[in-house]
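Examination of the molecular architecture
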Amino acid sequence: MLVDIRVQEETFSLDAEIARLAATGFDVGGIGAFIGLVRGDAGLAALALEHYPGMTESMIARIVAQAGTRFDLLACTVIHRVGRLPVGAPIVLVLCAAAHRGAALEATGFVIDWLKTQAPFWKREDYPDGQARWVAARESDEAAAARWDAGDPSEA
Amino acid sequence: MLVDIRVQEETFSLDAEIARLAATGFDVGGIGAFIGLVRGDAGLAALALEHYPGMTESMIARIVAQAGTRFDLLACTVIHRVGRLPVGAPIVLVLCAAAHRGAALEATGFVIDWLKTQAPFWKREDYPDGQARWVAARESDEAAAARWDAGDPSEA
Amino acid sequence: MVEILYFAWLRDRLGRSRETFVLPRDGGLSVRDIMDGLRRRGAAYEEIFAEGGGPIRCAVNQEFAALDSPVRAGDELAFFPPVTGG
Amino acid sequence: MVEILYFAWLRDRLGRSRETFVLPRDGGLSVRDIMDGLRRRGAAYEEIFAEGGGPIRCAVNQEFAALDSPVRAGDELAFFPPVTGG
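Residues numbered from 1 in each chain as written. Chains lettered and ligands numbered in written order. Predicted model: local features only at pLDDT ≥ 70, side-chain atom pairs only at ≥ 80, totals over all residues. Heavy atoms only, no water.

For chain C, an unreviewed UniProt entry supplies the name Molybdopterin synthase sulfur carrier subunit and the organism Gluconacetobacter dulcium. Under the heading Sequence similarities (unreviewed entry), UniProt records this for chain C: "Belongs to the MoaD family." (UniProt positions renumbered as here; feature names shortened; annotations may be inferred.)

Per an unreviewed UniProt entry, the recorded name for chain A is Molybdopterin synthase catalytic subunit, and the organism is Gluconacetobacter dulcium. The Function (unreviewed entry) field of the UniProt record for chain A holds the comment "Converts molybdopterin precursor Z into molybdopterin. This requires the incorporation of two sulfur atoms into precursor Z to generate a dithiolene group. The sulfur is provided by MoaD." As stated in UniProt under Catalytic activity (unreviewed entry), the record for chain A gives "2 [molybdopterin-synthase sulfur-carrier protein]-C-terminal-Gly-aminoethanethioate + cyclic pyranopterin phosphate + H2O = molybdopterin + 2 [molybdopterin-synthase sulfur-carrier protein]-C-terminal Gly-Gly + 2 H(+)".

Okay, structure coming up:
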């Protein structure tokens, strides 16, 4: 499995990432993708994203490895942005390539669900009036990850 | 729900399509995507894709409407290519935008599963020696669509 | 009159993508009746509409239809293999 | 010596992102023991490590850890809120 994990301030191009995956061989029949965007909740101006360098990459690598064990994947790309991101900006990209669509889409869900609960990123909401508020973790994210029973990458 | 359905010979740009969805408002938190590619099975040179103009668009519209009823979607884009497509080329794009990732990813799976069994496209495999073979439908595609019980868009 | 369309290998086998079928004055035909009528047009038709000649599907006015679906004057009737897009 | 890291609102509250903690000669401390030691450094520490002050998580050497996980000289111990990426 080809794995590409990046934590970066810059935005990303799906076309470039998909071309990269498609160029790795002609066994890829389907690519599942998830793109997270900064949602403009209640007058939000921007999100500031912080992470734990080192641990972030190793946790994402573990999640992706687990996805590779569980699903028949040919490649997986995860790009997560950090820094200040305005409303509407892309935050995260998960791409999973497989011979067949089932594995590609399921693995995409698996990776983003675990990333939400296991990768050490924190979001701060910045408002136009200068107020800032750290986002609280959502129980629904824990529940979403728990659906993938026995797949907890932190226990790998 | 914003719906965009296109059947075309030209390729597509995910970056352009995502920018279009993101520009429709700031309520979008996640976009699920599926990209189908021409897999290079056993010396295949290209696929030739044919469809039933008129019925194709109306069946896809019905599938998308059903997805909108079932999932909390803000927008859905489906682009399906026709004509001769070389190995590695993108065939189909499904993009589902929602406030939350669960709806976006599930709707993406729903749309592609039903598209595979309900949209009147036919693939012909062309080989370098000039041989051509119409692809047979796969029972696994029927089974994948049937998972979405009671959601058959042809019965809508 | 009914407009008949053929797609994919059915069209290749017949060498045509469309033709017309004149309904009898008293009407009341089903898709199956029309298939029976078309079979009399030649061996290629016998072949594509044969039991076991390969699974085929049909649509009346661009809606999936069954063999016993009624067909009326002005309808568009299409025959094709199970779909393989996506 | 243990390197201690703070992230997100914990760092904001303390006004620092890292500091060191000297282990006693006889070693054998858990994450909880170190939290207790840090609490003596001031009110802001009392606040972030308070029961009910908000849920916090920790990692030892960049692996999620529990309060009773052992901490050894040279380890990197991080405190942070539940993660909210993606």
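Moving on, there is more to tell.
Some remarks on the pattern of salt bridges
Two side chains with opposite charge may pair up if their charged atoms get near one another. The final tally for this structure, using the stated rule, is 38 salt bridges over all chains. A salt bridge links arginine 138 of chain A to aspartate 141 of chain A; the nearest nitrogen and oxygen atoms lie 3.4 Å apart. By relative accessible area, which is 10% here, aspartate 141 of chain A ends up buried. Where arginine 147 of chain B meets aspartate 113 of chain B, a salt bridge forms, and the shortest distance between an N and an O atom there is 2.6 Å. (Salt bridge = Lys/Arg side-chain N within 4 Å of Asp/Glu carboxyl O. Buried < 20%, exposed > 50% of the residue type's maximum accessible area, 1.4 Å probe, protein only.)

Some points on the interface of chain D and chain A
Tallying the contact residues gives 19 residues for chain D and 27 residues for chain A. Note on chain D versus chain A: buried area summed over both sides is about 1,900 Å², and carbon and sulfur give 57% of it. Of all residues in chain D, the largest losses of buried area upon contact with chain A belong to Gln62, Thr84 and Gly86 of chain D, amounting jointly to 36% of the total for that side. Counting every contact that joins chain D to chain A gives 2 salt bridges. For the pair chain D and chain A, the number of links is 13 residue pairs in polar contact (both at pLDDT 80 or more). Those elements that provide at least two residues to the side of chain D that touches chain A are helix 1 (8–14), strand 5 (63–65) and strand 7 (76–80) of chain D. Among the elements that take part in the side of chain D that touches chain A, helix 1 of chain D stands out by supplying 4 residues, more than any other. Within the side of chain D that touches chain A, the residues separate by chemical class into 11 nonpolar, 4 polar and 4 charged. (Contact = heavy atoms within 4.5 Å. Buried area = accessible area lost by both parts, 1.4 Å probe. Polar contact = N/O pair within 3.5 Å; in protein donor to acceptor, adjacent residues only side chain to side chain. Helix = DSSP H or I, 4+ residues; strand = E, 2+ residues; numbered from the N terminus. Nonpolar A, V, L, I, M, F, W, Y, C, P; charged D, E, K, R; others polar.)

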